[in-house]
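Topology and contacts: notes
Below are the chains, spelled out letter by letter.
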Amino acid sequence: MQSDAELVQAVRSGDRDAYTPLVLRYERVAWATAWRILNNHHAAADAAQEAFLQAYRRLDSLRDPALFGVWLLQITRREAVRLAQRRRRQATRPLDEAVSYPSRAGPPAGSLSSESEALLAAVAGLPDHERLVVTLRYLDNQSVAAIAAISGRPIGTVTKQLSRAVERLRSMLKEVIS
Amino acid sequence: MTADELEAHLARLRAEWPVGSMVEEVMARVGEPAQRMGYWRGKWPWAAATLAAAVLIALVLPWLWPAGNVPSLQAAVERALDHAQSARLVITSWDLDGERQTGEIWYRRGSGFRAESPDEVLVDNGRFLWKWRPGPSGGKPVVVRQPGGSGSAMIARLLDFPATREAWTEATPKGWKQQRAPELDRRIDGRPCQAYVFLAKRPQGPAGTTEPQAESDARRVVLLLDPDQRILAIKYQRRVDRQWIPLRETRIEYDIAVAPERLEPNLPTGAQVVDAGAVFDERYPLEKALARTELGGLLLAVHEAQPLEGGGCFIVSSVRGTPAFLRQYPPQRRVVNLEYTALDVASHWVAGTWSDSHRVELAMVERNGVEFLWWLLYPRRYFRMVDGKRVLVDAGDETDRRALNSETGKIRIPLGATYLGKRWMDEKGVSKSISTWIEVPLPRKAPPTTLASIAAQTRSDVLLMRPGTNWRVYGATQGRPGSADWRRLRFDLELHTHADYAEAIRKELESVGSMDELKDGARPPSPASK
């Protein structure tokens, strides 16, 4: 598995396709980061997508390619805040919220159970490094070794970050999910 | 929660992950040049010339949808309306039982529009927009007034499909592909129309894997365009048993006569007109509550209580701190998200299953420490399964249902609240609560309300009151009540309708009602067990 640093270098060298695994790797954590700020599935997807584009265009300015993930989350947060401000400025709500015509549509694809939503909120509220490892480990099903390879960190460091994150999540969720 | 349990929850979150992969969209766009303001600095004459050319093209080719630069569907409808003198749109949809319902929109350029559906009426004259719920409301009709806007843009938004939002907002919808479908060409009002299809592609699974798509999940949008490239019909369909069945169809007629009186507001008789910004305070004013009581520094009020067809009662209640309480215990601020900071005072505590009733929360809206709750007091109906059929069991003691007895002209409603904030927690982290009963007169001679009506009222109220608030709308339960996998689902107001919400409530009542089964000689609990 190629590390973030290797993929970033490949993109910088002109291999546009090398950006695909980076998007795959971080799309969930980027979305969760934006969702925490925007509290809206569609808007979070827009913000995350815009963040990936910004990151791609500004990849040359990234000093340490191994820190691509954390850097991306900073951009995502900025994009989400910008989008939230823009949404707030749109003072009147769209009318499609107020009128409706019956349909046979079933539950939306984006439905989350209340427990999952609470958990997502907790994951999104973790510090950047912990959110990254938790998302890669549990939401992308990557092994600890793979995460270590991706981030260029020792396995022990990743394990410690995961343990801390799990403890923090358990504490955050103690009263929400019982 | 153990670490294993947490991992199980995370696995469930992974399975329920609410959005698809964005890889395709991102990689399709990474090749585009950046379009930032900085890019135009020093180049504005060239930018202005390009813009002028674009405007010229737009004027020459006003309704060109499928060819050339593809705008979003929403933009295409908006543009077509902008170039018509008037239009009539008929929206037909089919509910869960296949029953057809129709809505209409009348539009005249420069004058506004009127949209009517069984759920809502909107009238816009460019200056103001009025909206209200037609039909009996169980009380004084409420009309909300807000600044008007561009009729064509609003109408285009009103046509949105719940499950195909991208098709309206994206030129190339995410996860959908567009294709010409000559086999669906047909004549509309004597004009030959060409068909185009937006077909849902197989959804992307995690990490770009493609998951098999269930046939019942297949959706498509069929557009029929006349020789002037105007959209005359929009069909939203679902595939069932190898056939495409209609979910919603919109027909658009352009340049037809629209009588001026159609665009007059003609508000319902005796309507209460409320400005949109004041809806939260004025929809259910405290001074007009049916009943209220003060307990532990909190004001508990019942604003509406309507007997429900088939038993039970629909209730709108509120909880807030008294002025003295708020002075003594200034509420703490809690950031909910960037757009909302809650004031922690107290929250309703009514939900749950008791010996006489199920108490089912439908929706909550909170602002500045004032919380409104829409909920149902639903009688328990104990039953046994005999030969696969439900047989009701006489509970034996009717006093158990006194709370729901409407013959007295009054109803007793249990109200409770939990104080919010750490100062109200004991050493075990349990928050202090209060509870009481409040007696409320029932509306005189009013027929019992229906699930459809309370769903519409609840959803409408939340849609009107939610700007700038913390709000929740609950839908159907998932799993068996009381079981480990039981949970309530949040209801997405944008993606559903009043009818969908009524169905979700019905399912929830059915679900909680399953708890009333008595097994192996068990007797219904006595009132003392309350």
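As for the overall build of chain B
Counting its regular elements, chain B contains 11 helices and 28 strands. Sequence-distant contacts, at least 24 apart, represent 58% of the contacts inside chain B between residues at least 6 apart. In the structure as shown, chain B presents an accessible area of about 25,900 Å², 51% of it carried by carbon and sulfur atoms.

What to know about the overall build of chain A
For chain A, the helix and strand inventory stands at eight helices and zero strands. Along its sequence from the N terminus, chain A presents helices and strands in the succession α-α-α-α-α-α-α-α. For chain A, with 178 residues in total, the buried portion stands at 56%. Across chain A, contacts joining residues at least 24 apart in sequence account for 67% of those joining residues at least 6 apart. For chain A, the exposed surface amounts to about 7,500 Å²; the carbon and sulfur share of it is 48%.

Considerations on the pattern of salt bridges
Residue and element names in this part refer to chain B. Under the defined criterion, the tally for this structure stands at 25 salt bridges over all chains. One salt bridge in this structure joins Arg191 and Asp226, with 3.4 Å as the shortest N-O distance. With Arg191 in strand β9 (residues 191-200) and Asp226 in the loop between β10 (219-225) and β11 (231-240), the pair connects residues that are 35 residues apart, well separated along the chain. When its relative accessible area of 1% is taken as the criterion, Asp226 is described as buried. With a shortest N-O distance of 3.9 Å, Lys410 and Glu439 are connected by a salt bridge. Residue Lys410 is found in strand β25 (residues 410-419), and its partner Glu439 is found in strand β26 (residues 433-441); the two are separated by 29 residues along the sequence. Residue classification places Lys410 among the partly exposed positions, given a relative accessible area of 40%. According to the relative accessible area criterion, Glu439 is partly exposed, its value standing at 46%. In the salt-bridge network here, residues are joined through shared partners; they are Arg191, Asp226, Asp228, Arg230 and Asp255.

Remarks on the environment of Arg466 of chain B
Position of Arg466 of chain B relative to the elements: it lies in the loop between α10 (451-465) and β27 (470-478). C-alpha separation for the pair Arg466 of chain B and Val365 of chain B, spaced 101 residues apart in sequence, amounts to 6.5 Å.

What to know about the sheet that holds β25 of chain B
Residues and elements named next belong to chain B. Across the sheet, which stays open at both edges, the three strands sit in the order β19-β25-β26 with antiparallel pairing between neighbours. With one partner strand each, in any of the chains shown, β19 (346-348) and β26 form the two edges of the open sheet. Within the sheet, the average angular offset between the axes of one strand and its neighbour, ignoring direction, is 30°. Bridging between β25 and β26 involves nine bridges; their strand directions are antiparallel. The residue of β26 that forms the bridge with Arg412 is Glu439.

A few points about the pairing of strand β1 (residues 86-94) of chain B
Residue and element names in this part refer to chain B. Most of β1 sits out of view: eight of its nine residues are buried. Alignment of β1 against strand β2 (residues 100-108), held across nine bridges, turns out to be antiparallel. Of the residues in β2, the one forming a bridge with Arg88 is Trp106. As paired strands, β1 and strand β12 (residues 243-254) are joined by seven bridges and run antiparallel to one another. When the bridges of β12 are listed, Arg88 appears paired with Glu253.

Points about helix α5 (residues 73-82) of chain B
For α5 of chain B, the set of buried residues is Leu73, Gln74, Ala76, Val77, Ala80 and Leu81 of chain B. What you see down the axis of α5 of chain B is that its buried residues fit within an arc of 165°, all on one side.

Re unusual backbone geometry
Residues and elements named next belong to chain B. You will see that Asp189, though not glycine, has its phi angle at about 50°, which is positive. Looking at the element boundaries, Asp189 is found in the loop between β8 (186-188) and β9. Its relative accessible area of 58% is what places Asp189 among the exposed residues. With a phi close to 50°, Asp387 is a non-glycine residue in the positive phi region. Following the sequence through the fold, Asp387 ends up in the loop between β23 (383-386) and β24 (389-392).

Examining the nonpolar core
If you look at the biggest cluster of nonpolar residues, it comprises 69 residues, and the most contacted ones within it are Tyr19, Tyr26, Trp31, Leu38, Phe52 and Phe68 of chain A. In contact with Tyr19 of chain A, other than residues within four places in its own chain, are Val11, Phe52, Ala55, Tyr56 and Phe68 of chain A together with Val26, Met27 and Val30 of chain B. Core analysis: the next-biggest nonpolar cluster, separate from the first, contains 40 residues, Leu81, Ala115, Ala181 and Ala233 of chain B among them.

Observations regarding the packing of helix α1 (residues 4-12) of chain A against helix α2 (residues 19-38) of chain A
Residue and element names in this part refer to chain A. In the contact formed by α1 and α2, the axes pass within 9 Å of each other and the chain directions differ by 140°. On the basis of their axis angle, the class for α1 and α2 is oblique. Packed against α1, whose contacting residues are Asp4, Leu7, Val8 and Val11, the element α2 presents Tyr19, Pro21, Leu22, Arg25 and Tyr26 at the interface. Here the contact of α1 with α2 is composed, by residue class, of seven nonpolar, no polar and two charged.

Considering the pairing of strand β14 (residues 291-295) of chain B
Residues and elements named next belong to chain B. Bridge analysis of β14 against strand β15 (residues 298-307) gives five bridges, and the strand direction is antiparallel. For Ala291, the partnering residue across the bridge sits in β15 and is Val302. The hairpin formed by β14 and β15 contains two residues between the paired strands, and Gly296 there has a positive phi angle of roughly 55°.

Concerning the side chain of Thr458 of chain B
Tracing the backbone through its elements, the reader meets Thr458 of chain B in helix α10. A polar contact is formed between the side chain of Thr458 of chain B and the backbone oxygen of Ile454 of chain B, at a distance of 2.7 Å.

Side note on the packing of aromatic side chains
The full count for this structure, using the stated rule, is 17 aromatic pairs over all chains. Aromatic pair Tyr19 of chain A and Tyr56 of chain A: ring centres 5.0 Å apart, planes at 65°, arrangement edge-to-face. Here Tyr19 of chain A is found in helix α2, whereas its partner Tyr56 of chain A is found in helix α3 (residues 41-57), with 37 residues between them in sequence. Judged by relative accessible area, Tyr19 of chain A falls into the buried class, the value being 0%. An aromatic cluster of at least three residues, connected via ring pairs, comprises Tyr19, Tyr26, Phe52, Tyr56, Phe68 and Trp71 of chain A. Sitting above the plane of the Tyr378 of chain B ring, Arg381 of chain B keeps its charged end 5.4 Å from the centroid. In this arrangement the basic side chain of Arg412 of chain B is found over the ring face of Trp437 of chain B, its NZ or CZ atom lying 4.5 Å from the centre.

Cut-offs and rules
Residues numbered from 1 in each chain as written. Chains lettered and ligands numbered in written order. Predicted model: local features only at pLDDT ≥ 70, side-chain atom pairs only at ≥ 80, totals over all residues. Heavy atoms only, no water. Helix = DSSP H or I, 4+ residues; strand = E, 2+ residues; numbered from the N terminus. Contact = heavy atoms within 4.5 Å. Areas by Shrake-Rupley, 256 points an atom, 1.4 Å probe, with all protein chains shown as cover. Buried < 20%, exposed > 50% of the residue type's maximum accessible area, 1.4 Å probe, protein only. Salt bridge = Lys/Arg side-chain N within 4 Å of Asp/Glu carboxyl O. Pairing = 2+ DSSP bridges. Axes fitted to C-alpha atoms, helices over the stretch in contact; angles between N-to-C directions. Arc of directions from axis to C-beta. Core = buried A, V, L, I, M, F, W, Y, C linked by side-chain atoms within 4.5 Å. Parallel < 35°, antiparallel > 145°, perpendicular 65-115°, else oblique. Nonpolar A, V, L, I, M, F, W, Y, C, P; charged D, E, K, R; others polar. Polar contact = N/O pair within 3.5 Å; in protein donor to acceptor, adjacent residues only side chain to side chain. Phe/Tyr/Trp six-rings, centres within 6.5 Å; stacked < 30°, edge-to-face > 60°. Lys NZ or Arg CZ within 6 Å of the ring centre and 35° of its normal.

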